[in-house]
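Listed below, chain by chain, are the residues.
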Amino acid sequence: MPRPALVARHLSHCYPTARGELWALREVSLALMPGEFVAVVGPSGCGKTTLLRILAGLLPPTRGEVWLGDRPLRGPDRRVGIVFQKDALLPWRTTLENVRLPLELDGCPRPEADRRARALLEQVGLQGFEEAYPRELSGGMQQRVALARALVADPEILLLDEPFATLDALTRERLNEVLIALWERQRKTVLMVTHDVPEAVWLADRVLVMSPRPGAVVAEVRIPLPRPRGADRWSHPAFLQTVWAVRQALGDGAR
Ligand code: ADP
Ligand code: MG
């Protein structure tokens, strides 16, 4: 058995609030194998973003631990790339300048940084927009830039926190295709949080289902669909059956 790329053990998280302790996560354990695409679905407020922030090293868990390969995670780590729901692109930087930022911070020479940023922009279908500013781009294009920026420093693990949640349905499906193509090419280990069940099923190898807060992983659904997966999700009976199974696991009141 290969070693997992990321392991989380017994993560619990408590936020102190004016009204006392608020437990956002309860005993979450998971392991991501190298090259695996795992989706996490759960109702709003169940602790998905909390989980992702912990896995990114941005938030120390109240209890539990995270390991990347054979090392414990102690804080933000360049082996982890992350895309948030609404990504904070720097408004005064062009597309190319936004994407190459992580490389600049690493001290990568400018010509190489530009070359790598351009290659990523091409992979997300944004060639020709290198000199555009974020305000000149649609929401879907901005998320493509965020994806390129998260991948430019070649992280081992990509964490995605509802990256397409603010986009309309068609743009979202197109971005799903961009993401699948990227993943099939690069085979990063991906953990994607979403509350969109069809999106989770279409993209992932398995889906982890979380309970309402405090979020715990209550089910795991393996996705029996062949790869590569194209744009024809709705024509697969197994797709619809698996969407149904995940919805059942989520239970009433949560989709
Ligand atoms: P999700 O991403 O699944 O919607 P979150 O992880 O954002 O859930 O939040 C889980 C719970 O923790 C929610 O009830 C939210 O209000 C609460 N929460 C999130 N961040 C904080 C914080 N910084 N302080 C206090 N409570 C928080
Ligand atoms: Mg969230």
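Notes on the structure in this doc start here. Per chain, residue numbering runs from 1 following the sequence as it is written. Naming scheme: in the order in which they are written, chains are lettered from A and ligands are numbered from 1. A pLDDT threshold of at least 70 governs which residues receive local features in this predicted model, and a stricter bar of 80 or more applies before side-chain atom pairs are shown or counted, although totals over entire chains, interfaces and linings include all residues. Calculation of side-chain values draws on the structure's entire complement of heavy atoms; hydrogens and water are dropped beforehand.

A few points about the nonpolar core
Burial of nonpolar side chains together is a common tendency in soluble globular proteins.
Here is step 1: Nine residue types can take part in a nonpolar core, namely buried Ala, Val, Leu, Ile, Met, Phe, Trp, Tyr and Cys, and a core is a set of them joined through side-chain atoms within 4.5 Å. Residue exposure (1.4 Å probe, protein chains only): buried if accessible area is under 20% of the type maximum, exposed if over 50%, otherwise partly exposed. Formed by 52 residues in total, the largest nonpolar core has its most connected members in F37, L160, L179, M192, V201, V207 and V246.
Here is step 2: The contact partners of L179, leaving out residues within four places of it in the chain, are F37, L147, L160, F164, M192 and L203.
Here is step 3: In terms of nonpolar packing, the next biggest core, distinct from the first, is built from 27 residues, L11, L52, I157 and L159 among them. What makes two residues a contact is simply this: any of their non-hydrogen atoms within 4.5 Å.

Some points on the packing of helix α2 (residues 95–105) against helix α4 (residues 139–151)
Here is step 1: Remark: α2 packs on α4, axes separated minimally by 7 Å, with the N-to-C direction vectors making an angle of 30 degrees. The orientation of α2 relative to α4 falls into the category roughly parallel. α4 is crossed by α2, and the crossing has right-handed handedness. Touching T95, N98, V99 and P102 of α2 are V145, A148 and R149, all from α4.
Here is step 2: Gly counts as polar in this scheme, as do all residues outside two lists: the nonpolar Ala, Val, Leu, Ile, Met, Phe, Trp, Tyr, Cys and Pro, and the charged Asp, Glu, Lys and Arg. Taken together, the residues that form the contact of α2 with α4 break down as 4 nonpolar, 2 polar and 1 charged. Lines fitted to the C-alpha atoms define the axes, with helices restricted to the stretch that makes contact. Angles between their N-to-C directions range from 0 to 180 degrees. Helical segments are the DSSP runs of H or I of at least four residues, strand segments are the runs of E of at least two, and each set is numbered from the N terminus. Any angle that is under 35 degrees is reported as roughly parallel, and any over 145 degrees as roughly antiparallel; angles of 65 to 115 degrees are reported as roughly perpendicular and all others as oblique. When the near helix sits turned anticlockwise from the far one by under a right angle, the crossing is termed left-handed; a clockwise turn instead gives a right-handed crossing.

Overview of the pattern of salt bridges
Here is step 1: For this analysis, a salt bridge means a side-chain nitrogen from Lys or Arg found within 4 Å of a carboxyl oxygen belonging to Asp or Glu. Going through the model one piece at a time under the given rule, you end up with 14 salt bridges.
Here is step 2: Close ionic contact of E104 with R100 constitutes a salt bridge, the shortest N to O distance being 2.5 Å. Note that E104 and R100 are positioned in helix α2 at a spacing of 4 residues, about one turn of the helix.
Here is step 3: It is possible to trace a salt-bridge network through shared partners that takes in E36, R206, E220 and R222.

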